[in-house]
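# Structure at a glance
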Amino acid sequence: MPIHASRRTLLTVAAVAAVTAAGVASAAVGPDGEPGGPVPDDSLPGDRAPGRSRGPAAAPRETMARMSLAELVGQLFVSRVYGHAATGPDPEDAAQNQQLFGVRTPAELVARYHLGGIVYFGWAHNTRSPRQIAELSAGLQRAAADSGAGVPLLLSIDQEHGAVARVGRPATLLPGAMALGALALGTGGSTAEARRAARIAGTELAAMGIRHNYAPVADVNVDPANPVIGVRSFGSDPHAVAALVAAQVRGYQGAGVAATVKHFPGHGDTATDSHVGLPLMTHTRARWEELDEPPFRAAVEAGVDVVMTAHIVFPALDPSGDPATLSRPIVTGILRERLGFRGVVVTDALDMAGVRQKYGDDRVPVLALKAGCDQLLNPPDLGLAVRSVLAAVESGELTRARIEESVLRILELKARRGLFDPAVRVVEAARAADAVDAAVGIPAHLAAAGEIADRTTTLLANPVNLLPLDPADRPLLLVTGTDPVSPTGTTGPPTAVLARELSALGCRATALPPARAVAAAPGNAAVLVCTYNVPEGASPQRELVTELLATGVPVVLVAVRNPYDPARLPACAAELATYTWTDVELRAAARVLTGTVRPTGRLPVPVPGRYPLGHGLAYG
């Protein structure tokens, strides 16, 4: 069931109070997220422009004045496309593009629809390697420059880090949001490392030609059973989340990449995944103002470029039954008027079930624009969506002035991120590989990722002082448990990564599948069990832990995604939370297990019935 902690409970946890005190004061952090003076001046033009105001933009206005209606409407759309190269995709991808869009190459899609942006996905074969991505970006920008009004593209991606990462090795993979929340609580409320992580992530994306990231997540996760947010959130305290969101906005935008806070008006207390259904938010208006609003308000105050809407029904904010993406009271009334946001509003993907249940695919884009959205992300049928918007203008349902209002915001955003600067575009096109080699996965970034991860692992229980394990004793260890598909570009599976790192530190660790682990347990100094989103009640994971405990060998529980797993399992000799099963987090966990690094992370969410918000142990 959802947790509805009272305001008193939320604000009486000392560690959380420290984060709250930091608040939006993370502005006083240096360019790499280290303590320093005011917001740095090394950012791109407009990096510090507040979300509440926008100055005149002559170049965007002049550009818009010479655009046809079709070119204007095209700027509203951000589409997927298949293939690793702008003009030479693999035959299978060319066939997919032909079937869906009537063109064979990504470059042809940009030209045909005068697109404002492209969103990259691994499953669309856009993200084979950083160098390939940079070359794809350069090719797409050439296609945009050579067609229509010659408006540059805003190339986008979901690179939240942690559980959601589209670009993997050799790019730097960093701890995700909840891990950074654990770090912040363990360091007295500092948001410096969250900003530092975003700065690194943004620098690498910019080198690949990606100037728009759909991060950070501003949802406050208060439901342990939330099927879609979970560790993608910084935590359950709205003020702590607000401070971290603002820090990451400044980190990304200081690196020249537009940040996007999502999913407005808040997706942290839903029991339905909006990819497959339409979630219902039951908060009152007062509850929304207390819990969901603060992170979005902090993002606007920090000057965030983009806000993404949620496909959720929120009766307390709009009783119509329309999802927030299509709700004028929410998008215009609350986000624009109450919070004063003047930047770009992007819809969540329009191919998701949550936005398609009430209206047809021809109506959804039009209704999103009428609600106040600017960018229409990934419609299921791009041709139908474009035709529907053009028809709505021709019929008078939408005015040209309304289209121009959104296009101007989009062009201003592109200008702030340097995309109208010929020098930026020429360098990125001509020297894509050089830019990647100079910035992506460089030793300094990889070292920083490890340093950050070392401070995220949370020691939840150690009642018999089993930990730390002493590598000098060369303990015999068995590693087993659930092996979820590894995030993009990690070596995986998680049990193998953990075993390898423990062995590298001096232990004798072996990874075995659950079917063989119980019989192999006797004789080991300890068995480490990786768990992943353990459900309520009976489950194979619960059965495995129970059987391992019955062997008498000490069992160490390593929750590799949501930290709620211990509440659904028997108590173990030691319990840790890593918040992500990426290599960087598992290597950090191994260092904590062996005492090479001392645990400092603190829970940014409560674990019902087991651990309070802010809990975390240290070694004596």
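For the structure, check the block above.
Below: a short report on this structure. (Residues numbered from 1 in each chain as written. Predicted model: local features only at pLDDT ≥ 70, side-chain atom pairs only at ≥ 80, totals over all residues. Heavy atoms only, no water.)

Scanning the chain from N- to C-terminus turns up 22 helices and 16 strands. Of all 620 residues assigned to the chain, the portion counted as buried reaches 63%. A separation threshold of at least 6 residues defines the contact pool for the chain, and within that pool the share at least 24 residues apart is 77%. When the accessible area of the chain is evaluated, it comes to approximately 20500 Å², of which 55% is carbon and sulfur surface. (Helix = DSSP H or I, 4+ residues; strand = E, 2+ residues; numbered from the N terminus. Buried < 20%, exposed > 50% of the residue type's maximum accessible area, 1.4 Å probe, protein only. Contact = heavy atoms within 4.5 Å. Areas by Shrake-Rupley, 256 points an atom, 1.4 Å probe, with all protein chains shown as cover.)

Moving on to the layout of surface pockets. In this model, the largest pocket occupies a volume close to 670 Å³. Elements with a contribution of two residues or more to the lining of the largest pocket: β5 (164–165) and β7 (260–264). Per-class residue counts for the lining of the largest pocket are 18 nonpolar, 7 polar and 9 charged. Size it by volume and the second largest pocket reaches roughly 210 Å³. As for the second largest pocket, its lining consists of 13 residues, and the residues nearest its centre are R169, L173, L446, V584 and R587. When residues in the lining of the second largest pocket are grouped by element, the largest group, 4 residues, is from helix α22 (residues 583–593). Tallied by class, residues from the lining of the second largest pocket come to 6 nonpolar, 3 polar and 4 charged. (1 Å grid on protein atoms, 1.4 Å probe; cavity = no way out; pocket = protein on both sides within 12 Å on 5 of 7 lines; lining within 4 Å. Points joined across faces, edges and corners; volume = space filled by probe spheres on them. Nonpolar A, V, L, I, M, F, W, Y, C, P; charged D, E, K, R; others polar.)

We now examine helix α7 (residues 130–145). With 16 residues, α7 extends 22 Å between its outermost C-alpha atoms, agreeing within 8% with the 22 Å of an ideal straight helix rising 1.5 Å per residue. The buried fraction of α7 amounts to 12 of the 16 residues, a majority that puts the element mostly inside the structure. For α7, the complete set of buried residues consists of P130, Q132, I133, A134, L136, S137, A138, G139, L140, Q141, A143 and A144. (Expected span 1.5 Å × (residues − 1).)

On to unusual backbone geometry. Omega for the bond connecting A215 with P216 falls within 30 degrees of zero, at 10 degrees, which places this linkage in the cis form. Going from K262 to H263, the amide bond is cis rather than trans, its omega being 5 degrees. By secondary structure assignment, the location of H263 is in strand β7. The backbone of H161 sits at a positive phi, close to 75 degrees, despite the residue not being glycine. Tracing the backbone shows H161 in strand β4 (residues 159–161). Non-glycine residue N378 carries a positive phi angle of around 50 degrees. Along the polypeptide, N378 turns up in the loop between β10 (376–377) and α14 (382–395).

Judged by nonpolar contacts, the single largest core of 133 residues is most densely connected at F77, V389 and I403. Broken down by element, this core gets its largest block of residues, 8 residues, from helix α9 (residues 192–207). Contacts of V389, omitting those with residues within four sequence positions, involve V73, L76, F77, P365, V366, L369, L376, L398 and I403. In this structure, A526, V556, A574 and V592 belong to the second largest nonpolar core, which totals 29 residues. (Core = buried A, V, L, I, M, F, W, Y, C linked by side-chain atoms within 4.5 Å.)

Just geometry here; none of it tells us what the structure is for.
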